[in-house]
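Remarks on the overall topology
The chain contents come next:
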Amino acid sequence: MSHYHISSLLEKMKSSDKDFRFMATNDLMGELQRDSIKLDDESERQVVQMLLKLLDDKNGEVQNLAVKCLGPLVGKVKDTQVEFVVDTLCANMVSGKEQLRDISSIGLKTVIAELPTSAASPLATNICRRVTGKLTHTVTKTDDVSVQLEVLEILGDLLTKYGGLLQSFHAAIQSALLPQLTSSRMAVRKRTIIALSSLVHSSSSALFAELIDHLLVELTRNKSRSTTRTYIQCAAAISRAAGHRMGEYLAKIFPHVVTYCQPVDDDELREYCLQAFEAFVSRCPKEVTPHVPQIIDICLDLITYDPNYNYDSEDEQETMETEDVEEEA
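Residues numbered from 1 in each chain as written. Predicted model: local features only at pLDDT ≥ 70, side-chain atom pairs only at ≥ 80, totals over all residues. Heavy atoms only, no water.

Quick word on unusual backbone geometry
Even without a glycine there, the phi angle at Asn222 is positive, about 50°. As for its placement among the helices and strands, Asn222 is situated in the loop between helix H11 (205-221) and helix H12 (225-242). (Helix = DSSP H or I, 4+ residues; strand = E, 2+ residues; numbered from the N terminus.)

Brief notes about the pattern of salt bridges
Across all of its chains, the model carries 19 salt bridges by this definition. Residue Arg45 is joined to Glu42 by a salt bridge in which the shortest nitrogen-to-oxygen separation is 2.4 Å. Linking Arg45 with Glu42, this pair stays in helix H3 (residues 41-54), spanning three residues, or about one helical turn. Asp266 serves as the salt-bridge partner of Arg225, at 3.3 Å between the closest nitrogen and oxygen. Taken together, the positions of Arg225 in helix H12 and Asp266 in the loop between helix H13 (250-260) and helix H14 (267-283) put the pair 41 residues apart, joining distant regions of the chain. (Salt bridge = Lys/Arg side-chain N within 4 Å of Asp/Glu carboxyl O.)

Quick notes on the environment of Glu150
Among the secondary structure elements, Glu150 is positioned in helix H8 (residues 145-162). For Glu150, a relative accessible area of 21% corresponds to the partly exposed category. C-alpha of Glu150 to C-alpha of Lys109: the two residues are 41 residues apart in sequence and 9.7 Å apart in space. Not counting residues within four places of it along the chain, the set of residues in contact with Glu150 comprises Met93, Ser105, Lys109 and Arg191. (Buried < 20%, exposed > 50% of the residue type's maximum accessible area, 1.4 Å probe, protein only. Contact = heavy atoms within 4.5 Å.)

Quick word on a nonpolar patch on the surface
Judged by side-chain polarity, Phe20, Phe22 and Met23 come together as a nonpolar surface patch covering roughly 280 Å² of accessible area. Within the secondary structure, Phe22 sits in helix H2 (residues 18-32). (Patch = residues over 30% accessible without salt bridge, like charges linked within 9 Å, V, L, I, M, F, W, Y side chains within 5 Å. Areas by Shrake-Rupley, 256 points an atom, 1.4 Å probe, with all protein chains shown as cover.)

Observations regarding the environment of Ala236
Checked against the element boundaries, Ala236 lands in helix H12. Judged by relative accessible area, Ala236 falls into the buried class, the value being 2%. When the C-alpha atoms of Ala236 and Leu89 are compared, they prove to be 34 Å apart, with 147 residues separating the residues in sequence. Those residues in contact with Ala236 that sit more than four places away from it in its chain are Gln275, Ala276 and Ala279.

A short note on the packing of aromatic side chains
Per the stated rule, a full pass over the model turns up two aromatic pairs. Note on Phe208 and Tyr249: the rings are 5.8 Å apart at their centroids and 55° apart in plane angle, and the pair reads as tilted. Here Tyr249 lies in the loop between H12 and H13 and Phe208 lies in helix H11, a separation of 41 residues in the sequence. Pairing Phe254 with Phe277 gives two aromatic rings, centres 5.5 Å apart and planes at 45°, and the pair type is tilted. Residue Phe254 is found in helix H13, and its partner Phe277 is found in helix H14; the two are separated by 23 residues along the sequence. Taking relative accessible area as the criterion, Phe277 reaches 2% and is therefore assigned buried. If you follow Arg245 out to its NZ or CZ, it ends over the ring of Phe208, 4.6 Å from the centre. (Phe/Tyr/Trp six-rings, centres within 6.5 Å; stacked < 30°, edge-to-face > 60°. Lys NZ or Arg CZ within 6 Å of the ring centre and 35° of its normal.)

Honestly, it's all geometry; don't read function into it.
In structure tokens, the structure reads:
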């Protein structure tokens with residue numbers, strides 16, 4: 001693509017006519033998808049700045065097209081330009097404009113998806129660490145639920161794909177995630193559990209032990225039934241993700257799950273406990289063996305339980321019958 005052609009497209013992308021902006025951006029995306037494209041330093045800078053500007057365009061179609069351009073752009077510009085892109089997107093994530101936040105979140109996911117998967121890639125290492133540091137700070141400072149949800153999802157994606165590259169951030173990430181398990185919004189808690197599950201794939205033994213200790217402390221405290229459900233869910237998810245690593249701590253965490261499986265007035269909590277049992281059996285078969293008879297007894301008991309039956313009315317009936325017998329006597 002010649003300097004003249006790129007200049008022509010950039011000029012049209014500045015047009016007050018949304019159709020001109022859309023067509024020019026569409027033409028640019030077509031050029032970026034070609035293997036033969038070569039951009040000089042000045043053209044790279046201009047293209048990057050224009051696409052980032054169009055993320056805040058008044059027209060939604062232009063915005064969507066601009067964010068799609070970020071994917072092929074990653075492999076066509078120098079590392080410094082990719083760094084500038086992710087820095088801008090991270091800053092936009094805490095913008096006061098909701099639409100800009102949303103489109104920047106999509107842009108960040110798009111860029112991350114296009115990064116090389118090789119651990120030896122300097123670009124992937126640098127960008128992942130750059131983004132992780134900023135997002136970890138954001139999740140601890142913002143009270144905006146929509147921002148928290150987007151940040152947690154991106155952190156989960158980063159940990160799943162590049163967890164091994166981020167070991168120096170693991171402690172900070174875990175410290176930022178654990179408080180989110182008590183969020184007033186269930187959606188935030190669920191995404192936090194997913195992110196923690198991704199983290200345990202590559203976290204150190206010491207950090208994993210800290211995570212389990214935190215769960216044990218909170219399960220012992222039983223501060224509220226709602227948070228207890230969350231911690232049981234988290235234990236099950238971590239067991240599924242960590243596999244044999246959970247086995248070392250199973251003897252400590254199993255009694256808590258058994259205890260919370262007893263209440264008759266909370267079917268949801270008991271369901272989560274059963275899911276935890278399932279995770280323990282499938283992922284820690286050796287360590288769970290001594291506990292299998294107890295799990296079977298609990299399951300057999302719950303098989304006969306009908307959540308639609310009012311067991312209290314039966315107790316009331318027995319009480320009334322006893323009172324009638326006493327009056328007749």
